[in-house]
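An overview of the molecular structure
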Amino acid sequence: MSKILVFLAEGFEEIEALTVVDLCRRAGIGVDTVAVSNEKQVTGSHGIPVLADVLLADADFENADMLVLPGGMPGTKNLEACAPLMEQLDAFYKAGKCVSAICAAPSIFGHRGYLQDRNTCSYPTFEKELSGAKVSQSSVEVSEHVTTSRGMGTAIDFGLAIVERFCGKEKAQELAKAIVY
């Protein structure tokens, strides 16, 4: 079974994170939500507390197939300020393992040099942070092992793109139909 890790930092965008978790679990993909702080309870950008599955120190990076960064403010800044997470993200990217980000979070990929000559999208005000990218207005962009999306309104598209990567197009289409999308 495939396994993904979705990272939660104080101020994350709740819909962007939890839509991915929900869709992937419906598709049978293993998902752990990971708190980057020292507390499992993480409060999103709209004041909604969420209980993460594990703390960063206990996350199983070795068996993970994808790392997912939701956006939101100040969640994106808090993710980028987490040095141990950035080290793991760099290791995943360099190994050709899947990394995904939505909304403001693709800016982290831009800052880290992952987007050179890649079709990429993000929340419009963060497009200037996508260094070297071919910026798109698509709801989701998949460029080899890097997936990006634009924001809360594209969270279902983003989640379905992740499902398609691990379970195939047919399964993603079945899931879209099942959720009346």
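As a reminder, the structure under discussion sits directly above these lines.
Presented here is an overview of the structure given in this document. (Residues numbered from 1 in each chain as written. Predicted model: local features only at pLDDT ≥ 70, side-chain atom pairs only at ≥ 80, totals over all residues. Heavy atoms only, no water.)

1. Some remarks on the overall build of the protein
Just so we agree on the cut-off: Runs of E in the DSSP output that reach at least two residues are strands. Runs of H or I that reach at least four are helices, and both are numbered from the N terminus. Throughout, radius of gyration means the C-alpha value; the globule benchmark is 2.2 Å times the number of residues raised to the power 0.38. Working definition: with a 1.4 Å probe on protein chains only, accessible area under 20% of the residue-type maximum means buried, over 50% means exposed, and in between means partly exposed. Contact between two residues is taken to exist if any of their heavy atoms lie within 4.5 Å; hydrogens are not considered. In this description, accessible areas are obtained by the Shrake-Rupley approach with a 1.4 Å probe, and a residue is regarded as covered only by the protein chains that are shown. Counting rule applied: Lys, Arg positive; Asp, Glu negative; His and chain ends not counted. Working definition for charges: the position is that of NZ of Lys, CZ of Arg, CG of Asp or CD of Glu.
Each helix and strand counted, the protein has 6 helices and 11 strands in total. For a compact globule of 181 residues, the expected C-alpha radius of gyration is about 16 Å, and the protein comes in at 15 Å, within 12% of that figure. In the protein, which comprises 181 residues, the share counted as buried stands at 53%. In the protein, the proportion of contacts linking residues at least 24 apart, taken out of those at least 6 apart, comes to 62%. When the accessible area of the protein is evaluated, it comes to approximately 8100 Å², of which 49% is carbon and sulfur surface. One finds the centroid of the 16 positive side-chain charges in the protein at a distance of 4 Å from the centroid of its 24 negative side-chain charges.

2. Structural notes on the side chain of serine 136
Mapped onto the elements of the fold, serine 136 is located in the loop between strand S9 (134-135) and strand S10 (140-143). The class of serine 136 is buried, set by a relative accessible area of 12%. If near-sequence neighbours (up to four positions away) are discounted, serine 136 is found in contact with Thr120, Cys121, Glu127, Glu141 and Arg150.

3. Overview of helix H3 (residues 83-94)
Residues spaced three or four apart along an α-helix face the same direction, because each turn holds 3.6 residues. To keep things clear, this is the line we draw: Working rule for helices: expected span equals 1.5 Å times residues minus one. Here the arc refers to the set of directions running from the helix axis out to each C-beta atom.
Between its first and last C-alpha, H3 extends 16 Å over 12 residues, near the 16 Å set by a 1.5 Å rise per residue. Those residues of H3 lying buried are Leu85, Met86, Leu89, Asp90, Phe92 and Tyr93. Along the long axis of H3, the arc covered by the buried residues comes to 160 degrees, so they all point the same way. The outward face of H3, more than 90 degrees from its buried face, is lined by the exposed residues Glu87 and Lys94. Trailing H3 by a residue or two, glycine 96 shows a phi angle of about 75 degrees, which is positive.

4. Some points on the pattern of salt bridges
The line we're drawing: Whenever Lys or Arg places a side-chain nitrogen within 4 Å of a carboxyl oxygen from Asp or Glu, that contact is recorded as a salt bridge.
The final tally for this structure, using the stated rule, is 6 salt bridges. Put simply, arginine 112 and aspartate 90 hold a salt bridge, and the shortest N to O gap is 2.7 Å. In this pair, arginine 112 is assigned in the loop between helix H4 (106-111) and strand S8 (119-120) and aspartate 90 in helix H3, connecting sequence segments 22 residues apart. Its relative accessible area of 17% is what places aspartate 90 among the buried residues.

5. Observations regarding the pairing of strand S2 (residues 30-35)
This is how it is decided: When DSSP finds two or more bridges between two strands, those strands count as paired. Place the viewer so that the strands point away; then a crossover is right-handed whenever the path from the first strand over the helix to the second strand goes clockwise.
Most of S2 is tucked away: 6 of the 6 residues are buried. Examined bridge by bridge, strand S1 (residues 3-8) and S2 share 6 bridges and lie parallel to one another. Looking across to S2, one finds that leucine 8 is bridged to alanine 35. As a crossover connection, the stretch from S1 through helix H1 (residues 14-26) into S2 is right-handed.

6. Observations concerning the packing of helix H5 (residues 155-167) against helix H6 (residues 169-178)
Stated formally: An axis is simply a line fitted to the C-alpha atoms; with a helix, the fit covers only the stretch in contact. Between two such axes, the angle follows the N-to-C directions and lies from 0 to 180 degrees. With the far helix as reference, a near helix turned anticlockwise by less than a right angle produces a left-handed crossing, and one turned clockwise produces a right-handed crossing.
Axis separation between H5 and H6 bottoms out at 7 Å; the angle between their running directions is 140 degrees. Between H5 and H6 lies a crossing whose hand is right-handed. In this structure, H5 contributes Leu160, Val163, Glu164 and Cys167 to the contact, and H6 contributes Lys169, Lys171, Ala172, Leu175 and Ala176.

7. Some points on the nonpolar core
Filter applied, for reference: Put simply, a nonpolar core is a bunch of buried Ala, Val, Leu, Ile, Met, Phe, Trp, Tyr and Cys residues held in one set by side-chain atoms that sit within 4.5 Å of each other.
Formed by 31 residues in total, the largest nonpolar core has its most connected members in Ile4 and Val6. Counting residues per element, the ones that place at least two in this core are S1, H1, S2, strand S6 (66-69), strand S7 (98-102), H5 and H6. For this core, the element with the highest residue contribution is H5, accounting for 6 residues. Contacts of valine 6, omitting those with residues within four sequence positions, involve Ala17, Val20, Val21, Val31, Asp32, Thr33, Val34, Val68 and Pro70.

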